[in-house]
Amino acid sequence: MRKTPLYLLMALLVAVFLAACATPTPAATEAPVATEAPTEAPSEVPAFKAGQVTDTGGVDDKGFNATAWAGLEMAGEDLGIEVTYLESQQQTDYAVNIQELIDQEYDIIITVGFLLGEDTAAAAEANPDQKFAIVDYAYDPVIPNVLGLTFQTDEAAFLAGYLAAGMTKTGIVGTFGGIEIPPVTIFMTGYEAGVNYYNAQNGTTVKVIGMDVFAGNFESTDDGRRIAEDLIAEGADIIMPVAGPVGIGTAQVITENPGTMLIWVDTDGCVSLPDFCSVTLTSVMKNMDVAVYDAVVAAHDGTFEGGFYSGTLENGG
């Protein structure tokens, strides 16, 4: 038997060695780490926001702007919502201020005053998903996304007129308005009706003066002083200004004329004008704070509907 040459055996051994080195050995791997499935970040519920656009006279007008704002503040505290206001310095500010609150995505916008009626309607019709409430205005036909907050203040003013007729010493009582618009004149006609009813019941002839007098604004205390001086000169010893801050000038004149008395409107005069409480006979209150509060609550809890609310003596409005 022939022997295999030594050089062939050496070659075979080298080949086996190289083949063994070339065979890959499995690499050690770490056990996979368990991970939680990705989750979305919890979405925040957007805060509910209620905003007010004032009429001229400012949010601290001691009258209807201030009372409406008090309703928003109560809602803000009770519901934990964001509330704010934008003041209108002139009538051209109405639409601008309303649009600003729309752009800031306020959930309900409260506009305050008869003079904002047209701009509120235009904004509501252009933004049908935006909720509005407006003080001292109602629409016919109804705008579905607007709640009109109206008040039968002639009922309460009737009582004030009856009281004034019974308290006057001169037999003459006075009144005047800021601007000749229905939410102003309704106070004055109710007041006059109360005086007339007192006369009919008691055989007296108490006279009402100032029914055709209007300051033309809701801001000028100087106008309030001037008109009060004129009414007092004509014999009036009890005066009911329906003019917002204009009436503060009237209150000042009354304090300077002993024996004359003030009837305040919209708010409790002894609260909003404590310095003049001693000369305030009574107040014809319009509870706008309650109506505004209820409108905001309805918008917040999803029960808001357009239409109108009417505050009366019977329902506490």
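Residues numbered from 1 in each chain as written. Predicted model: local features only at pLDDT ≥ 70, side-chain atom pairs only at ≥ 80, totals over all residues. Heavy atoms only, no water.

(A) Focus on the sheet that holds strand 5 (residues 146-151). Sheet architecture is open: six strands sit in the order 2-1-3-4-5-11, paired in parallel fashion. Of all the strands in the sheet, the pair left with one neighbour each is strand 2 (82-86) and strand 11 (307-311). The average undirected angle you get between the axes of adjacent strands in this sheet is 20°. In this sheet, strand 5 lies alongside strand 4 (residues 131-135) in parallel orientation, the contact comprising four bridges. Bridge assignment links Phe-132 to a residue of strand 5, and that residue is Val-146. The strands touched by helix 3 (residues 93-103) are strand 1 (49-53), strand 2, strand 3 (108-112) and strand 4; relative to strand 1, the strand with the most contacts, the crossing angle is about 175°. (Pairing = 2+ DSSP bridges. Helix = DSSP H or I, 4+ residues; strand = E, 2+ residues; numbered from the N terminus. Axes fitted to C-alpha atoms, helices over the stretch in contact; angles between N-to-C directions. Contact = heavy atoms within 4.5 Å.)

(B) Focus on the layout of surface pockets. The space that makes up the largest pocket amounts to roughly 170 Å³. Surrounding the largest pocket, Phe-114, Asp-136, Tyr-137, Ala-138, Thr-150, Phe-151, Thr-153, Pro-182, Pro-183, Ile-186 and Lys-286 form its lining. Elements supplying a minimum of two residues to the lining of the largest pocket: strand 5 and helix 6 (182-202). Residue contributions to the lining of the largest pocket peak at three residues, all from helix 6. Of the residues belonging to the lining of the largest pocket, the class tally is seven nonpolar, two polar and two charged. (1 Å grid on protein atoms, 1.4 Å probe; cavity = no way out; pocket = protein on both sides within 12 Å on 5 of 7 lines; lining within 4 Å. Points joined across faces, edges and corners; volume = space filled by probe spheres on them. Nonpolar A, V, L, I, M, F, W, Y, C, P; charged D, E, K, R; others polar.)

(C) Inspection of the state of the cysteines at higher detail. In total, this model carries one disulfide according to the counting rule given. Shown here is the disulfide that connects Cys-270 with Cys-277, its sulfur atoms set 2.0 Å apart. Between Cys-270 and Cys-277, the disulfide has an S-S torsion of 85° and is therefore right-handed. The partly exposed category is assigned to Cys-270, whose relative accessible area is 29%. In this structure Cys-277 comes out as partly exposed when scored by relative accessible area, which is 29%. (Disulfide = S-S within 2.5 Å. Buried < 20%, exposed > 50% of the residue type's maximum accessible area, 1.4 Å probe, protein only.)

(D) Quick peek at the pairing of strand 1. Counting buried positions along strand 1 gives five out of five residues, so the element sits mostly inside the fold. By the alternation rule, side chains of strand 1 split into Lys-49, Gly-51 and Val-53 and Ala-50 and Gln-52, which are all buried. Bridging between strand 1 and strand 2 involves five bridges; their strand directions are parallel. Each bridged residue has a counterpart across the sheet, and for Val-53 the counterpart in strand 2 is Leu-86. Considered for its hand, the β-α-β crossover made up of strand 1, helix 2 (residues 64-79) and strand 2 is right-handed. (Right-handed = clockwise from strand over helix to strand, strands pointing away.)

(E) Structural view of the packing of helix 7 (residues 221-233) against helix 8 (residues 246-255). Put simply, helix 7 and helix 8 touch, their axes get as near as 6 Å, and they point 45° apart. When the axis of helix 7 is compared with that of helix 8, the two are oblique. Note that helix 7 runs across helix 8; the crossing there is right-handed. Here Thr-221, Asp-223, Gly-224, Arg-225, Ala-228, Glu-229 and Ile-232 of helix 7 lie close against helix 8, whose contacting residues are Val-246, Ile-248, Gly-249, Thr-250, Gln-252 and Val-253. Residue classes in the contact of helix 7 with helix 8 are distributed as five nonpolar, five polar and three charged. (Parallel < 35°, antiparallel > 145°, perpendicular 65-115°, else oblique. Left-handed = near helix turned anticlockwise from the far one by under 90°.)

(F) Region of interest: a negative patch on the surface. On the surface, a cluster of negative charge is contributed by Glu-100, Asp-103, Glu-105 and Asp-107. Relative to the helices and strands, Asp-103 is located in helix 3. Relative accessible area serves as the criterion here: at 56%, Asp-103 is assigned to the exposed category. (Patch = residues over 30% accessible without salt bridge, like charges linked within 9 Å, V, L, I, M, F, W, Y side chains within 5 Å. Areas by Shrake-Rupley, 256 points an atom, 1.4 Å probe, with all protein chains shown as cover. Salt bridge = Lys/Arg side-chain N within 4 Å of Asp/Glu carboxyl O. Lys, Arg positive; Asp, Glu negative; His and termini not counted. Charge placed at Lys NZ, Arg CZ, Asp CG, Glu CD.)

(G) A look at helix 10 (residues 288-301). The terminal C-alpha atoms of helix 10 lie 20 Å apart, and with 14 residues this matches the ideal 20 Å at 1.5 Å per residue to within 8%. Those residues of helix 10 that sit buried are Met-288, Ala-291, Val-292, Ala-295, Val-296, Ala-298 and Ala-299. Taken down its axis, helix 10 places every buried residue within 160° of arc, on the same side. One or two positions beyond helix 10, positive phi appears at Gly-302, with a value near 85°. (Expected span 1.5 Å × (residues − 1). Arc of directions from axis to C-beta.)

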